[in-house]
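# Structure assessment
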Amino acid sequence: MKERKEVLDYGMTLPDVYIDTPFHDENWVLLRYKKNKRAFAWTYERNGYMCVNVKVDPEWRDFWRSTYAAVQPGYHQNKEHWNTIILDGSIPEEEIKRMIAESYDLIVKKK
């Protein structure tokens, strides 16, 4: 998974999701949950790579960061609760999907 479209297409397979561009900046495209409008995937290009920020349980945050060099503290977000995934081809697609799905699960539980 290296393209924004792949992230958005996968995210749209999850229930009650929509695509949003709230910043009037076409570089930032978010996936949100319809029922509470919370974003769970923030896609953007940075340093020549597509990136996606995902919410992460603090118990898993360091696991992902230590397992893959392309998972870093969340760019422009709370570093305790968000990771940035650099889509450089170094992370297996199933692992990226898992991180996106876990992010979705975390925000769905929020009121």
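Before any of the text, the structure's been laid out above.
Heads up: these notes are all about the structure in this document. A quick note: this is a predicted structure, and the numbers were derived from the prediction, not measured.

## A word on the nonpolar core
If you look at the biggest cluster of nonpolar residues, it comprises 36 residues, and the most contacted ones within it are Phe-40, Ile-85 and Ile-91. Those elements giving two or more residues to this core turn out to be α1 (4-11), β2 (29-33), β3 (39-46), β4 (49-55), β6 (82-86) and α3 (93-108). Per-element tally for this core: the top contributor is α3, with six residues.

## As for the sheet that holds strand β5 (residues 71-73)
Reading across from one edge, β1-β2-β3-β4-β6-β5 is the order of the six strands in this open sheet, with antiparallel pairing throughout. Strands at the two margins of the open sheet, each flanked by one partner only, are β1 (17-20) and β5. Across the sheet, the axes of successive neighbouring strands diverge by a mean angle of 25°, strand direction being ignored. Sheet analysis places β1 next to β2, joined by four bridges and oriented antiparallel. Looking at β2, one finds that Asp-20 is bridged to Leu-30. This element, α1, spans β1, β2, β3 and β4 of the sheet and lies at about 170° to β3.

## A word on the pattern of salt bridges
Scanning all chains against the criterion turns up eight salt bridges. A salt bridge links Lys-5 to Asp-9; the shortest N-O distance between them is 2.6 Å. With Lys-5 and Asp-9 both in helix α1, this residue pair falls four residues apart, about one helical turn. By relative accessible area, which is 56% here, Lys-5 ends up exposed. One salt bridge in this structure joins Glu-94 and Lys-97, with 4.0 Å as the shortest N-O distance. Here Lys-97 and Glu-94 lie together in helix α3, a separation of three residues that amounts to about one turn. The exposure class assigned to Glu-94 is exposed, which follows from its relative accessible area of 55%. Among the charged side chains, a network of salt bridges with common partners joins Glu-93, Glu-94 and Lys-97.

## Here we look at helix α2 (residues 58-67)
Inspection of α2 places Arg-61, Trp-64 and Arg-65 among the buried residues, and these make up the whole buried set. One face of α2 carries all of its buried residues, which in axial projection span an arc of 95°. Turned more than 90 degrees away from the buried face of α2, the exposed residues are Glu-59 and Ser-66. The backbone nitrogen of Glu-59 has a side-chain oxygen 2.9 Å away, supplied by the residue at the start of α2, namely Asp-57.

## Examining unusual backbone geometry
Even without glycine at this site, Asn-47 takes up a positive phi of about 55°. Here Asn-47 is to be found in the loop between β3 and β4. Despite not being glycine, His-76 has its phi angle at roughly 60°, a positive value. Locating His-76 in the fold gives a position in the loop between β5 and β6.

Thresholds applied
Residues numbered from 1 in each chain as written. Predicted model: local features only at pLDDT ≥ 70, side-chain atom pairs only at ≥ 80, totals over all residues. Heavy atoms only, no water. Core = buried A, V, L, I, M, F, W, Y, C linked by side-chain atoms within 4.5 Å. Buried < 20%, exposed > 50% of the residue type's maximum accessible area, 1.4 Å probe, protein only. Helix = DSSP H or I, 4+ residues; strand = E, 2+ residues; numbered from the N terminus. Pairing = 2+ DSSP bridges. Axes fitted to C-alpha atoms, helices over the stretch in contact; angles between N-to-C directions. Contact = heavy atoms within 4.5 Å. Salt bridge = Lys/Arg side-chain N within 4 Å of Asp/Glu carboxyl O. Arc of directions from axis to C-beta. Polar contact = N/O pair within 3.5 Å; in protein donor to acceptor, adjacent residues only side chain to side chain.

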